[in-house]
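A closer look at the structure
The chain contents come next:
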Amino acid sequence: MIRLEFPARTDYLSVVRAVVGNVAHHGPDLDPLRVNDLVLAVSEACANAIDAYRDDGQPGATVEVDVRVADDSIAVEVVDQAGGFKLGRARPTAPTAHPHRERGLGLPLMQVLTDEMEVAATDGGTAVRLVMVGAGRRR
Amino acid sequence: VVDLGVEVSKQDGTAVLTVTGEIDIATAPRLREQVVTLVGQGETRIVVDMEGVDFIDSTGLGALVGALKRVRTQGGELAIVCTRPRLLKVFEITGLVRVFEIHETLGAAVAATSRGTA
């Protein structure tokens, strides 16, 4: 497992994307477009965590990203301690439901981009699990 | 580390924004500001050339939608140049392919912003 911990600041997202992208390239048999899908989904999850910390009055607190590579899949978990998932703040909707809103596309995007997405309330925050399955298992 | 380049040029009366790098929650405000400035200067035909863009997230898409609304409110038009599969896929899954004029060449995009507004 590879664990990244970074301050909840948007200027770290590029680094997180680069790391997850590199690991995914070397992991299961994913084509480059699907690697990019996973990278985008992880970036959205991290951006939500950063927003959540800001809303919770803890800007710059730690976001944790765990990447687990198996033979036939890659699972990325994004964990924050920002007080919990607020349904009213980010309700999953169809990706095109609000095309003119500048935020809020994140959750539906994550759902569409990955093979599995799970959002769980943890003790003090939220954990988002994003899974991509390798080409071998999809056949 | 996050890098976004936005260069402005002019072609056949259309303002061309050549964007390079990553458009995400950190950098999208710069793109938004550039569009606000251009529209403020009276530019209502805008092309966003994304051939040098490596990544776009939902905030970046939001900035493009905001730019489109802004120019249309002024009676103008905005078109995008994009052939990169990873970006086109994001436009497709969000349904934004039906919202934007997306072209394969700069020439076609510039022509699209001139149609009906000349």
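Up top is the structure.
Below is a summary of the structure that appears in this document. Just so it is clear, the model here is predicted, and its values are computed rather than measured.

**What to know about the sheet that holds strand S5 (residues 101-103) of chain B**
All names here are of chain B. Reading across from one edge, S1-S2-S3-S4-S5 is the order of the five strands in this open sheet, with mixed pairing throughout. A single partner strand is all that each edge strand has here, and the edge strands are strand S1 (4-11) and S5. Each adjacent strand pair in this sheet contributes to an overall mean axis angle of 25°, direction not counted. As paired strands, strand S4 (residues 77-81) and S5 are joined by three bridges and run parallel to one another. Looking at the pairing, Ile80 lines up with Ile102 of S5. Strands in contact with helix H3 (residues 85-93) are strand S3 (45-56), S4 and S5; relative to S3, the strand with the most contacts, it is inclined by about 110°.

**Details of the sheet that holds strand S2 (residues 62-69) of chain A**
Residue and element names in this part refer to chain A. With antiparallel pairing, the five strands of this open sheet are ordered in space as S1-S2-S3-S5-S4. What marks the edges here is a single partner per strand, and that holds for strand S1 (2-7) and strand S4 (116-121). Looking at each pair of strands side by side, their axes are set apart by 15° on average, direction ignored. Its contacts with the sheet put helix H1 (residues 13-26) on S1, S2 and strand S3 (73-80), and the angle it makes with S1 is roughly 170°.

**Structural notes on the interface of chain B and chain A**
Taken residue by residue, the interface counts 27 residues in chain B and 26 residues in chain A. Approximately 2,200 Å² of surface area, both sides summed, lies buried where chain B meets chain A, with 62% of it carried by carbon and sulfur atoms. Seen at the junction of chain B and chain A, the total is three salt bridges. Note that B:Glu22 and A:Arg17 form a salt bridge whose closest N and O atoms lie 3.0 Å from each other. Applying the counting rule to chain B against chain A returns five residue pairs in polar contact (both at pLDDT 80 or more). Listed by contribution, the elements that provide at least two residues to the side of chain B that touches chain A are S3, helix H2 (58-73) and H3 of chain B.

**Let's talk about the pattern of salt bridges**
Tallied over the entire structure, the rule returns 15 salt bridges over all chains. A:Arg17 is paired through a salt bridge with B:Asp24; the nearest N and O atoms lie 3.0 Å apart. Taken together, the residues A:Arg17 in helix H1 and B:Asp24 in the loop between strand S2 (14-23) and helix H1 (28-40) connect one chain to another. Of the two residues examined, A:Arg17 and B:Asp24, each falls in the buried class. We note a salt bridge from B:Arg72 to B:Glu77, for which the minimum N-O separation is 3.3 Å. With a relative accessible area of 42%, B:Arg72 lands in the partly exposed category.

Procedures and definitions
Residues numbered from 1 in each chain as written. Chains lettered and ligands numbered in written order. Predicted model: local features only at pLDDT ≥ 70, side-chain atom pairs only at ≥ 80, totals over all residues. Heavy atoms only, no water. Pairing = 2+ DSSP bridges. Helix = DSSP H or I, 4+ residues; strand = E, 2+ residues; numbered from the N terminus. Axes fitted to C-alpha atoms, helices over the stretch in contact; angles between N-to-C directions. Contact = heavy atoms within 4.5 Å. Buried area = accessible area lost by both parts, 1.4 Å probe. Salt bridge = Lys/Arg side-chain N within 4 Å of Asp/Glu carboxyl O. Polar contact = N/O pair within 3.5 Å; in protein donor to acceptor, adjacent residues only side chain to side chain. Buried < 20%, exposed > 50% of the residue type's maximum accessible area, 1.4 Å probe, protein only.

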